[in-house]
Amino acid sequence: MSVTVYVPADTTARALGADRVADALRQAAAERGLDLTLIRNGSRGLFWLEPLVEVATPEGRVAYGPVTPEAVPALVEAGLFDGGQDHDLALGLTEDIPYLKNQQRLTFSRIGITDPLSLDDYTGLRGFEGLRKALTLDGQGIIDEVKASGLRGRGGAAFPTAIKWQTVHDEPPGQKYIVCNADEGDSGTFADRLVMECDPYMLIEGMTIAGLAVGATQGYIYLRSEYPLAQKIFNEALARAYQAGYLGEDILGSGKHFDLEVRLGAGAYICGEETSLLDSLEGKRGQVRAKPPLPAIQGLFGRPTVVNNVLSLAAVPFILDQGGQAYADYGLGRSRGTLAIQLAGNVKRGGLVELAFGTTLRALMEDFGGGTLSGRPLKAVQVGGPLGAYLPESQWDSPMDYEAFAAFGGVVGHGGVVMFDDSVDMGEQARFAMEFCTVESCGKCTPCRIGSVRGVEVIDRIRAGENQDANLELLSELCDTMVDGSLCAMGGMTPFPVQSVLKHFPDDLTRSRGGSPC
Amino acid sequence: MYKHNNQGGQALSTALSPAQQAIQDEVDALKHKPGAMLPILHAIQDRFGYIPDEAVPIIAETLRHTRAEVHGIISFYHHFRTRPAGRHVVQICRAEACQAVGGRQLEQHAKSALGVDYHGTTLDRQFTLEPVYCLGNCACGPSIRVGDEIHGRVDPARFDALVDDLSATVVEVK
Ligand SMILES: Cc1cc2nc3c(=O)[nH]c(=O)nc-3n(C[C@H](O)[C@H](O)[C@H](O)COP(=O)(O)O)c2cc1C
Ligand code: SF4
Ligand code: FES
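Residues numbered from 1 in each chain as written. Chains lettered and ligands numbered in written order. Predicted model: local features only at pLDDT ≥ 70, side-chain atom pairs only at ≥ 80, totals over all residues. Heavy atoms only, no water.

**Comments concerning the interface of chain A and chain B**
So, step 1. Taken together, the contact between chain A and chain B spans 58 residues of the former and 39 residues of the latter.
So, step 2. Taking both partners together, chain A and chain B bury about 3,800 Å²; carbon and sulfur atoms supply 57% of that area.
So, step 3. Per-residue buried area on chain A facing chain B is highest for A:A266, A:R285 and A:F432; these three make up 15% of the total on that side.
So, step 4. Between B:K33 and A:E261 there is a salt bridge, and its shortest N-O distance comes to 2.8 Å.
So, step 5. In this structure, the connection of chain A to chain B is made through 26 residue pairs in polar contact (both at pLDDT 80 or more).
So, step 6. If you list the elements that add at least two residues to the side of chain A that touches chain B, you get helix 1 (11-15), strand 7 (218-223), strand 8 (259-264), helix 12 (274-281), strand 12 (338-345), strand 16 (416-421) and helix 17 (426-440) of chain A.
So, step 7. Here the element with the most residues in the side of chain A that touches chain B is helix 17 of chain A; it accounts for seven residues. (Contact = heavy atoms within 4.5 Å. Buried area = accessible area lost by both parts, 1.4 Å probe. Salt bridge = Lys/Arg side-chain N within 4 Å of Asp/Glu carboxyl O. Polar contact = N/O pair within 3.5 Å; in protein donor to acceptor, adjacent residues only side chain to side chain. Helix = DSSP H or I, 4+ residues; strand = E, 2+ residues; numbered from the N terminus.)

Laid out in structure tokens, this is it:
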């Protein structure tokens, strides 16, 4: 008897013991003389169920999770290899799990289904169809399709992707570059990592299409060094894509040329900012450049350069394959398509939720997330990374879209949603925002470099109960100075989480630890 | 035959020590890449575990930078270290999503369990403790990284068990 079993091999599944689960399954199969095909697939992004083991049955794949190595013998006893459902960890058909079923997966349509490195799996699910379409168009034709999709950058600034591409396209011919920003520094985000670990050919395809669109023959992926597994998987995918003729001097026999290389960052949050990233790629300290000139005009090595986030580029194969309108059919207002929301922190059901723009934060945190992991009441949520405001309950009914969030001073950013229960000390969170800026500031301008150090000191004084009124005013002025006087959003947005604490959770800040409140 | 290093006025003998030769080989293998600096620094740190002082003049000369520039670049990036680390580098995630599930307690526990602060190495040179800001495992924190392995849902007990495991392997090797 033969059976096919899937055990995910992304960072999170492995961080929770997936490799040992795979070993236990192999051993159990051997003991039973079973002919086992064990596939290390990508994760479906349902992280609270990892390691999520799936077994192929005539009805479809059935799931079990979270599986520990210790649970394997009992699961096998209960008929796991036949898809048996008589066990607490049995979840039925994977595709029927509501968390997955209720999503709209356009970009992440393949993750967890395929073996990330199998080109056959990729092409079997429409992989490289977008590239084939792009090869029938000229650069302008590709850009028009992206324009029709309404795609805006998923890295944080939400700038229309087609306009960026158009600028680079319109520059005189010569060396141009595509740079993929895979620095994914925001706490609470992992969608870029999922693309690179679970569907790497999609990013290769998206970048190649971008190269064809603007006339660039070289691409770089700037990957953070905190993602060793993504590096390994992605480099292997690159080698296989070259071998199969999807990259190189004659893409699929078209005579078109595109080369790709991964470059590793070195643990600097600021290198996610695009101009700092370019300096880092050039081999310098990652300091922010003044704009203009825009990278689209003078970018890497002074040449016209497209810098896009992983998710922006990963959306492109779908757009070319299905048409820009098919993408624009999702979403609302000026936020078109889908958003990859990442539920993280103190959440019961953490993971990736890809949905059309417009769902409310509350629905995400409650219907998908299931509330907090601790079971205690939810107190605050930080959306959009370490530079995003902490949102109190009064703001949870706002729809997740760029304009709705901007209207109350929130940022969607890269889609990270970090939940905190009522045990959190918001004063400590405000302090951390400033502290993070002292560690990660590139040092180029004073409001950020010095302001953040002062910020930590002032918050410490407030928390110690020293001259609270005067120090609160000082903190507020300091925040204004940083917002107004910083060269980039690192110094310019670090005050957002601090100001949100001042506004919505002031008691946490002034409740002095030890001393009596003044 | 002597080759003169025009930046430091110091002569680099052509008779390079084995370590210097190894560094020179790493540099030569990558120097033709555009923006070769970071790939070179990574290659050296991957090979030696840190960037030895003697790498600086070699990189400076080959890439035509001043030594001060090379120092400036190395010191800018948190990932690069200029002193040898312990046998295992343990990184604790300090970022928000991990804070929300007990990351701060884990941080305190790790420091006291190993008896070192961040960037410190245990006396037996088994462990170096470092902070890290997000490992992309934010739905299943607190997260730590040991070498190239990421571990999730690490509470103090799990941390101690991991450290015990790692210490045990050392004994076996010896
Ligand atoms: C401090 C700072 C950190 C940033 N980090 C990232 C990052 O990790 N990944 C990313 O894609 N964009 C990041 N950005 C945004 C980039 O500067 C840039 O807007 C983005 O890469 C453009 O790609 P997109 O148009 O596809 O979003 C950061 C910006 C700032 C100011
Ligand atoms: S705001 Fe901070 S990070 Fe940005 S340029 Fe100024 S010093 Fe650098
Ligand atoms: S915040 Fe700790 S892994 Fe992302």
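There is more to say, and it comes next.
**Some points on the sheet that holds strand 3 (residues 88-93) of chain B**
Residue and element names in this part refer to chain B.
So, step 1. Spatially, 4-3-5-6 is the arrangement adopted by the four strands of the open sheet, whose pairing is mixed. Both edges of this open sheet fall to strand 4 (127-132) and strand 6 (149-151), since each of them pairs with a single strand only. Averaged over all adjacent pairs, the angle separating strand axes in this sheet is 25°, with direction ignored.
So, step 2. Where strand 5 (residues 144-146) and strand 6 come together, three bridges link them in antiparallel fashion. Bridged to V146 within strand 6 is E149.
So, step 3. Helix 6 (residues 103-114) rests against strand 3, strand 4 and strand 5 of the sheet, and its axis sits at about 160° to strand 4. (Pairing = 2+ DSSP bridges. Axes fitted to C-alpha atoms, helices over the stretch in contact; angles between N-to-C directions.)

**Looking at helix 19 (residues 468-485) of chain A**
What sets the pattern is the α-helix's 3.6 residues per turn: residues three or four places apart point alike.
All names here are of chain A.
So, step 1. Helix length check: helix 19 (18 residues) gives 25 Å between terminal C-alpha atoms against 26 Å at 1.5 Å per residue, within 8%.
So, step 2. For helix 19, every residue scored as buried is listed here: Q468, N471, L475, L478, C479 and M482. Seen along its axis, helix 19 keeps its buried residues to an arc of 100°; they face one direction. More than 90 degrees from the buried face of helix 19, the exposed residues found are D469, E473 and D484.
So, step 3. Buried-residue contacts for helix 19 involve helix 17, helix 18 (446-463), helix 20 (489-493), helix 21 (495-504) and helix 22 (506-510). (Expected span 1.5 Å × (residues − 1). Buried < 20%, exposed > 50% of the residue type's maximum accessible area, 1.4 Å probe, protein only. Arc of directions from axis to C-beta.)

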